[in-house]
Amino acid sequence: MSSNVDKTTAAGAMAAATAKDARSPAIEIGPLAGMIGYVLRRAQLAVFDDVIANFSELDLRPAEYSVLVLLGHAPGAKQSDVAAALGIQRANFVVLFDRLERRGLARRSSAPNDRRSYALYLTDEGEKVLARATSLESQHERVLDEKLGPGGRERLLELLGKLAERG
């Protein structure tokens, strides 16, 4: 068992070193380097920092981009379904969508079969912003693919999918 712990700690330390950024601690992080949650969070911060920088020209946040992508994929989806699919609490989603709506990137309409619900759509401007953001994100994904090496993307997505499973 000690061998497995040593391997896990070494792998975690390598991942933590890869995820270093300006907020990296000046001290050895010890057992944190072998904790999936810690290393995963550090990697998420590093990836999001890059995405935020890439989207700065569009004044677009990662969560807003996710909404635009989903609406581009499933126009007319109900507001509650989009929020649930993205794992965003309803109240937080309303604030997020209000910002997209104020910017003229998306719009709400009464849902055809349920006037209590809203169907969500991209506007023409939203489609333009989505196209540019997708181009920027594709460039970023290529950089990540280079870091992960051959087969790394598929393996990482498979492993993250396992962690995301409930139950």
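This text goes with the structure placed above it.
Description of the structure in this document. Since this is a predicted model, take the numbers as computed values, not measurements.

Here we come to the pairing of strand β2 (residues 106–111). Inspection of the sheet shows β2 paired to strand β3 (residues 114–122) by 6 bridges, in the antiparallel sense. By the bridge assignment, Ala 111 is partnered in β3 with Asp 114. Taking the residues between adjacent antiparallel strands as the criterion, β2 and β3 are bridged by 2 residues.

With that settled, consider the sheet that holds β3. Ordered in space as β1-β3-β2, the 3 strands form an open sheet in which the pairing is antiparallel. Two strands close off the open sheet at either side, each with one partner strand: β1 (77–78) and β2. Of the strand pairs in this sheet, β1 and β3 are connected by 2 bridges, and their pairing is antiparallel. Following the sheet pairing, Ala 77 is matched in β3 by Leu 120.

Moving on, we get to unusual backbone geometry. Even without glycine at this site, Asp 59 takes up a positive phi of about 50 degrees. As for its placement among the helices and strands, Asp 59 is situated in the loop between α2 (36–55) and α3 (62–73). With a relative accessible area of 46%, Asp 59 lands in the partly exposed category.

Moving on, we come to a nonpolar patch on the surface. A contiguous nonpolar patch, built from Ile 36, Leu 40, Leu 148, Leu 156, Leu 157, Leu 160 and Leu 163 and spanning about 610 Å² of accessible area, is present on the exposed surface. Breaking the nonpolar patch down by element, the ones donating at least two residues are α2 and α7 (152–164). Broken down by element, the residue count for the nonpolar patch peaks at 4 residues, all from α7. Within the element layout of this structure, Leu 163 appears in helix α7.

What follows concerns the packing of α2 against helix α6 (residues 124–148). Contact pair α2 / α6: the axes reach a minimum separation of 10 Å and the direction vectors enclose 145 degrees. As α2 packs across α6, the resulting crossing turns out to be right-handed. Contacts between α2 and α6 pair Val 47, Asp 50, Val 51, Asn 54 and Phe 55 from the former with Ala 133, Leu 136, Glu 137, His 140 and Leu 144 from the latter. Tallied by class, the residues present in the contact of α2 with α6 amount to 6 nonpolar, 2 polar and 2 charged.

Criteria and cut-off values
Residues numbered from 1 in each chain as written. Predicted model: local features only at pLDDT ≥ 70, side-chain atom pairs only at ≥ 80, totals over all residues. Heavy atoms only, no water. Pairing = 2+ DSSP bridges. Helix = DSSP H or I, 4+ residues; strand = E, 2+ residues; numbered from the N terminus. Buried < 20%, exposed > 50% of the residue type's maximum accessible area, 1.4 Å probe, protein only. Patch = residues over 30% accessible without salt bridge, like charges linked within 9 Å, V, L, I, M, F, W, Y side chains within 5 Å. Areas by Shrake-Rupley, 256 points an atom, 1.4 Å probe, with all protein chains shown as cover. Salt bridge = Lys/Arg side-chain N within 4 Å of Asp/Glu carboxyl O. Axes fitted to C-alpha atoms, helices over the stretch in contact; angles between N-to-C directions. Left-handed = near helix turned anticlockwise from the far one by under 90°. Contact = heavy atoms within 4.5 Å. Nonpolar A, V, L, I, M, F, W, Y, C, P; charged D, E, K, R; others polar.

Keep in mind these values describe shape, not function.
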